[in-house]
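Architecture at a glance
Spelled out from the first residue to the last, the chains are:
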2 protein chains.
Amino acid sequence: MILKSQVEWALHCCAILAGLPEGRYLSTKALAELHGLPKEYLSKALQSLSQASLVETTLGPSGGYRLAKPPSDINFLEIVEAVEGKARSFTCTNIRANNPCRPEGYCDSKPCAVARIMWEADEAWRDTLRRVRLSDLVGTLSEEVPSDIWRSTFEWVLKRAG
Amino acid sequence: MILKSQVEWALHCCAILAGLPEGRYLSTKALAELHGLPKEYLSKALQSLSQASLVETTLGPSGGYRLAKPPSDINFLEIVEAVEGKARSFTCTNIRANNPCRPEGYCDSKPCAVARIMWEADEAWRDTLRRVRLSDLVGTLSEEVPSDIWRSTFEWVLKRAG
DNA sequence: GGAATTAAGGATATATCATATCCGAAAACG
DNA sequence: CGTTTTCGGATATGATATATCCTTAATTCC
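Definitions and limits used
Residues numbered from 1 in each chain as written. Chains lettered and ligands numbered in written order. Predicted model: local features only at pLDDT ≥ 70, side-chain atom pairs only at ≥ 80, totals over all residues. Heavy atoms only, no water. Helix = DSSP H or I, 4+ residues; strand = E, 2+ residues; numbered from the N terminus. Buried < 20%, exposed > 50% of the residue type's maximum accessible area, 1.4 Å probe, protein only. Near = heavy atom within 4 Å. Polar contact = N/O pair within 3.5 Å; in protein donor to acceptor, adjacent residues only side chain to side chain. Pairing = 2+ DSSP bridges. Least-squares fit on C-alpha atoms with pLDDT ≥ 70 in both. Contact = heavy atoms within 4.5 Å. Salt bridge = Lys/Arg side-chain N within 4 Å of Asp/Glu carboxyl O. Nonpolar A, V, L, I, M, F, W, Y, C, P; charged D, E, K, R; others polar.

Chain A is annotated in an unreviewed UniProt entry as Rrf2 family transcriptional regulator from Rhizobium leguminosarum.

Time to look at unusual backbone geometry. Even without a glycine there, the phi angle at S62 of chain A is positive, about 65°. Mapped onto the elements of the fold, S62 of chain A is located in the loop between β1 (55-58) and β2 (64-67). Phi at S53 of chain B is positive, roughly 60°, even though this residue is not glycine. Note that S53 of chain B resides in the loop between α3 (39-51) and β1 (55-58).

The subject of this paragraph is the environment of R88 of chain A. Residues and elements named next belong to chain A. Summarising the element assignment, R88 is placed in the loop between α4 (76-84) and α5 (113-131). The exposure class assigned to R88 is partly exposed, which follows from its relative accessible area of 40%. Counting along the chain gives 21 residues from R88 to L67, while the straight-line C-alpha distance between them is 26 Å.

With that settled, the discussion passes to the protein's contact with DNA strand C. Around DNA strand C, a shell composed of 23 residues is seen, among which T28, K44, S50, L59 and Y65 of chain B lie nearest. Restricting attention to atoms of DNA strand C within 4 Å of the protein, one finds that 65% of them are sugar or phosphate atoms. A distance of 3.1 Å separates a phosphate oxygen of DNA strand C from a polar atom in the side chain of S5 of chain A. T57 of chain B has a polar side-chain atom sitting 3.4 Å from a sugar or linking oxygen of DNA strand C. Those elements giving two or more residues to the surface near DNA strand C turn out to be α1 (5-18) and α3 (39-51) of chain A together with α3, β1 and β2 (64-67) of chain B.

The next subject is the pairing of β1 of chain B. Residue and element names in this part refer to chain B. Bridging between β1 and β2 involves 4 bridges; their strand directions are antiparallel. By the bridge assignment, T58 is partnered in β2 with G64. Connecting the antiparallel pair β1 and β2 is a turn made up of 5 residues, with G60 showing a positive phi of about 80°.

On to the protein's contact with DNA strand D, then. Residues and elements named next belong to chain A. As a structural note, the neighbourhood of DNA strand D is formed by 23 residues, with T28, K44, S50, L59 and Y65 the closest of them. The protein-proximal atoms of DNA strand D, defined as those within 4 Å of the protein, are 63% sugar or phosphate. Side-chain polar atom of S50 to a phosphate oxygen of DNA strand D: 2.9 Å apart, as the coordinates give it. For DNA strand D, a phosphate oxygen lies 3.1 Å from a polar atom in the side chain of T57. The dominant element in the surface near DNA strand D, judged by the number of residues it contributes, is α3, at 4 residues.

This brings us to the relation of the copies chain A and chain B. Between chain A and chain B, the superposition needs a rotation of 180° and an axial shift of 0.0 Å, giving an RMSD of 0.1 Å. Taken together, the turn and the small shift mark the pair as related by a two-fold rotation axis.

Okay, the interface of chain A and chain B next. Contacts between chain A and chain B engage 55 residues on the former and 55 residues on the latter. Across the chain A-chain B interface, the total number found is 4 salt bridges. Taking the shortest distance from any N to any O, the salt bridge between R116 of chain A and E144 of chain B comes out at 2.6 Å. In this assembly, chain A and chain B are joined by 18 residue pairs in polar contact (both at pLDDT 80 or more). At the level of secondary structure, the elements contributing two or more residues to the side of chain A that touches chain B comprise α1, α2 (28-35), α4, α5, α6 (134-144) and α7 (147-160) of chain A. A total of 12 residues in the side of chain A that touches chain B trace back to one element, the largest contributor, which is α5 of chain A. Residues of the side of chain A that touches chain B, tallied by class, amount to 32 nonpolar, 13 polar and 10 charged.

The structure is reproduced here in structure tokens:
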């Protein structure tokens, strides 16, 4: 049960977008080069963010992506689900229904007890991600990343944004 | 990020094994037929449980599997990790290291902030599973499954155990 | 002792999905 | 108009889940 690498990419890209000056866009090319990622494939992750209305886009030179909402209004779960999908990690195939001792046409009142427990764990995972805002990540990063690296990184990407 | 179907199979099989009379074994064949599963492939899941020392095995006719510990000493996480592995769902490829603005030889003191959050969510998932014992599942099942179906199911599998 | 049964594990085949690249269309900008 | 960009479709490739088959060794029963 491994998350797509696009999840990691999307989170890091959102962190950069969150630090952009008001109104500026950042292209796929700039984000790919900054992180050392394949541009064409990263583009798919960014498209997912766009479809989830987490980022806005504009075309043409100096176009690209920017956040559609303030970083405090975006949580980790939104980003993760945008690229990974909203499907639960455990799917119940209802194998109890194959039990030959069950009478014909017997109908269960509740979902399978095993599935309920697995779904509860899945919810705990999602709850944790829901509680972390993108602004929290940016706060942590600006504390931990040396300020000169942090600053020159944004100068670097903005130079590429024209 | 989907769990293997073997996880579902293993959990249901453990629930049945937990209800067996003391000292009895149940074969792969019986467990596969009870749940309508491919015998050869289910065998791989049971082998995983065996390698994790969750079940004991014996060969020959009337051989098969039984729990190695009382159901109250086995939790969901043990079963899930036995077949799914212990690897975290999020793997950090440290793409921040590709940032061209980082000085040569710069070394991060902490693991990536993104990874720390994703791992925290992963721990929340594991914690939930760790807190549920196999005996809890059996308790729920014996409450919810009509007693005649519950009883005839064990008669059915025990007949197949010789 | 011999036949049947069983778990264990290796080898292999198939299907699904993640990863990755390429291309054409439409939009924005100078 | 020419360049740059997002977007979506098409396609290729690699890894992994799913599934089956076969051999070996251990155990039980006759």
